[in-house]
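Breakdown of the fold
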Amino acid sequence: VPFGVEPRDVTAEPYGEILERRRENVFYGSTWVDCSDGARGMALLIEPGMQGFSFDPETRVLAHTLLKVIVHPTEGWERHATRLREGKGRQVFRYRLLPHLGDWQDADLPRQSLAWQQPLTAVKPLGERSQLLPDVHSFLSVSAPTVLLSALCRDEGRVVLRLYEAVGEAADVELALPFAPQSVTETDFVGRRRKRRLELVGETVRLTLAPWEVVLLRLEGAGAP
């Protein structure tokens, strides 16, 4: 699910009038689904995600709903959804089967899924920044292996980034930046300031994330790109 992982026993779901559970053995998922006995397992990675699944407990067959389309509404929250949800034109789906040892945490599936869907792409900068980079260079690093970077953008001279803890374990995070900001603050999703203990030393920010926590940081000043 977005920013989290949810274990599901579809054979024990209380199917009924709840929106997600109107069809027996159907459940929603995001970018991957995994079945494991703890010693070994098999993951199915999907692109694009946010589709539905069904699991038949008698045949033990997992099915994936290729595309759930909507008529773009003029009211309600769905009017803000991408128009790709209308299902018009050519549709492309990608799948990857990933056998692994251990459970989904041992397999590092949140990171594996993101790396497969959004591989690193080299882009040559233009203008004055077109000079060659050194052989070894880091633009940004996150020390905790269970914490992922999901967004990074500029906002009126500030740099805004979003981190989240992906496996359900508290994590001490050291964020190494390519510049030394003058200040760092946490905000909510609409930019309102929140109180959190943040340590800023030069180009490094240190903080602690609770299990499954999503954090939005705003970096300001001193050479923010």
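Treat the numbers as computed from the prediction; the structure is a model and nothing was measured. (Residues numbered from 1 in each chain as written. Predicted model: local features only at pLDDT ≥ 70, side-chain atom pairs only at ≥ 80, totals over all residues. Heavy atoms only, no water.)

**Here we look at the sheet that holds strand S1 (residues 26-28)**
Counted only if it meets this: Only strands joined by at least two bridges in the DSSP assignment are considered to pair. Here a helix means four or more residues in a row that DSSP labels H or I, a strand means two or more in a row labelled E, and each is numbered from the N terminus. Where helices are involved, their axes are fitted lines through C-alpha atoms of the stretch in contact, as for all axes, and angles between N-to-C directions lie from 0 to 180°.
The strand order across the open sheet formed by 3 strands is S1-S4-S5, and the pairing between neighbours is antiparallel. Taken across any chain shown, the strands that pair with only one partner, and hence form the sheet edges, are S1 and strand S5 (61-64). If you compare each strand with its neighbour and ignore which way they point, the axes differ by 25 degrees on average. Examined bridge by bridge, strand S4 (residues 52-56) and S5 share 4 bridges and lie antiparallel to one another. Following the sheet pairing, serine 54 is matched in S5 by alanine 63.

**Describing the packing of aromatic side chains**
Stated formally: Planes of paired rings set the category: under 30 degrees apart is stacked, over 60 is edge-to-face and the rest tilted, where pairs are Phe, Tyr or Trp rings (Trp by its six-membered ring) whose centres lie within 6.5 Å. Burial classes: relative accessible area under 20% of the type maximum marks a residue as buried, over 50% as exposed, and values in between as partly exposed (1.4 Å probe, protein chains only). Here, a charge over a ring means that NZ of Lys or CZ of Arg falls within 6 Å of the ring centre while also lying within 35 degrees of the ring normal.
Following the criterion strictly, the structure yields 4 aromatic pairs and no others. Each ring, one from phenylalanine 3 and one from tyrosine 164, has its centre 5.0 Å from the other, and the planes form 85 degrees; the classification is edge-to-face. Taken as a pair, phenylalanine 3 in the segment before S1 and tyrosine 164 in strand S9 (residues 158-165) lie far apart in primary sequence, 161 residues in all. Between phenylalanine 27 and phenylalanine 53, the ring centres sit 5.5 Å apart and the planes meet at 15 degrees, which makes this aromatic pair stacked. Residue phenylalanine 27 is found in strand S1, and its partner phenylalanine 53 is found in strand S4; the two are separated by 26 residues along the sequence. By the burial criterion, phenylalanine 27 is buried, and phenylalanine 53 matches it. Connected via pairs of aromatic rings, a cluster forms that spans Trp32, Trp104 and Trp212. Lying over the aromatic face of tryptophan 116, arginine 94 brings its terminal NZ or CZ to 4.4 Å of the ring centre.

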